[in-house]
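# Summary of structural features
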Amino acid sequence: MASYDFNWVKSVKLGALLLLTFLQQRYLPYVSNIEKDTTKVGFGGLSSNKGGLSIRMDLCGVNIVIVNCHLAAHFAKTEERIIDYMTILENQSFKNDESSTILDHDYVFWMGDLNFRLNELTKDDIIERIEDRNLKSLWQFDQLRNAQDEGLILVGFQEGVLDFPPTYKFDIDTNTYDTSEKQRKPAWTDRILWWVQSDVFEGTTMKTDQILYTSHSEYKKSDHKPVTAQFNIQVLQSSIATVIFGPMLDWHQGEDEVFSYCIQTDTYNSNGWDWIGLYKAKFKDLNDYVSYMWAPAGKAEHTKKGVTLTFESMQFPPDWYCLCYVDNKKNVLGISETFEIRPEFDSSTSSENEGSVQTDHSSDEL
């Protein structure tokens, strides 16, 4: 992901469930208060074979939570799936005062193997409609949509158009629906939905535009087909980062290099555990620092005039780098522009080159 300018932010795992979050590097100074939570629902909450996990964050003035879940399996278990959902919703909690529960957030994205099936129709009926690309005729039999209409689950959540074939269940390494003895009926078990509090901010309407919702039949190593979605969301425009670095000139190996930064708000007070990390320009996560130094504590050191610090006797490989100001909660408050660390200057080589140049000039004159 680093090659696409994305950085790892947070991950959480529960049994076979995994949720990874990445953020474009330019947004790192605008994300904070990142938390995660997990809820087991398998075997009455004793097992992690079913459950839900979440990651929440504040980003550009709004708060967002992403939930991944695996609900009860089997055609006849609709009621159990609804109970699983309610258990996850009621048990997930966060330390943030403004958004301590899932539905307190401005934006909620809920996804996973929800395991809802298609009612009434036989497997042959479903496959015939799929082959005829008559997918719309299947929507009315979808257990999830029917449960939503009855106000039993994911109330107020929206979903894009299901114009891709049901994503379950396939024979491994094929695009053929289940031919085993169980002959499971195709269904849209894998879903991505969203919920937004549109009127939470005066003068600004929060909104979500889904620009992609599809499955990927080219992946054949599972009995499910993966589903992806892409969204544009409304955020509150953040003016500038908390920390602004001064212009970065090229650095050289073996030399002391000076840099500067300033704190852009009078309300921020470094507690002595903030630090400035030196990173390769396309670093993957905050643990990938090459070197670091502690930032001075207190407001007095962070005046409008800025702070000047020195990395001494630089001995890092030639490459492109950047600096990140990180607080004690591992929030990135500022990122410098990228700069190059050049090879150490070799004075002896320079003298030899100068001598050869003079000799060449002498021969030319003759």
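Residues numbered from 1 in each chain as written. Predicted model: local features only at pLDDT ≥ 70, side-chain atom pairs only at ≥ 80, totals over all residues. Heavy atoms only, no water.

## Things to note about a nonpolar patch on the surface
A cluster of nonpolar residues, W8, L18, L20 and F22, forms a patch on the protein surface that exposes about 340 Å² of accessible area. Per-element accounting of the nonpolar patch gives the leading share, three residues, to strand β2 (residues 17–24). With respect to the helices, strands and loops of the structure, L20 is situated in strand β2. (Patch = residues over 30% accessible without salt bridge, like charges linked within 9 Å, V, L, I, M, F, W, Y side chains within 5 Å. Areas by Shrake-Rupley, 256 points an atom, 1.4 Å probe, with all protein chains shown as cover. Salt bridge = Lys/Arg side-chain N within 4 Å of Asp/Glu carboxyl O. Helix = DSSP H or I, 4+ residues; strand = E, 2+ residues; numbered from the N terminus.)

## Details of the sheet that holds strand β3 (residues 31–42)
The six strands are arranged β3-β4-β5-β6-β8-β7 in an open sheet whose pairing can be described as mixed. Only two strands of the sheet have a single partner each, and these edge strands are β3 and β7 (158–159). Against the sheet, helix α1 (residues 78–91) engages β3, β4 (47–59), β5 (62–70) and β6 (107–113), with an angle of about 140° to β3. (Pairing = 2+ DSSP bridges. Contact = heavy atoms within 4.5 Å. Axes fitted to C-alpha atoms, helices over the stretch in contact; angles between N-to-C directions.)

## Considering a negative patch on the surface
Residues D124, D125, E128, E131 and D132 make up a contiguous surface patch of negative charge. Structurally, D124 can be placed in helix α2 (residues 123–131). Owing to a relative accessible area of 60%, D124 belongs among the exposed residues under this scheme. (Lys, Arg positive; Asp, Glu negative; His and termini not counted. Charge placed at Lys NZ, Arg CZ, Asp CG, Glu CD. Buried < 20%, exposed > 50% of the residue type's maximum accessible area, 1.4 Å probe, protein only.)

## Some points on the sheet that holds strand β16 (residues 307–311)
To summarise the sheet geometry, strands pair through backbone hydrogen bonds and adopt either a parallel or an antiparallel arrangement. Spatially, the three strands line up as an open sheet ordered β11-β13-β16, and their pairing is antiparallel. Edge positions in the sheet fall to β11 (243–245) and β16, since each has one partner strand and no second. When strand polarity is set aside, the average angle formed by the axes of neighbouring strands in this sheet is 30°. Two elements, β11 and strand β13 (residues 257–263), share three bridges in a ladder whose sense is antiparallel. In the strand pairing of β13, I244 is matched with C262.

## Here we look at the state of the cysteines
A complete count under the given rule lists zero disulfides for this structure. No disulfide involves C322; its sulfur sits 4.5 Å from the nearest other cysteine sulfur, which is in C324. Among the residues examined, C322 registers a relative accessible area of 0% and is labelled buried. (Disulfide = S-S within 2.5 Å.)

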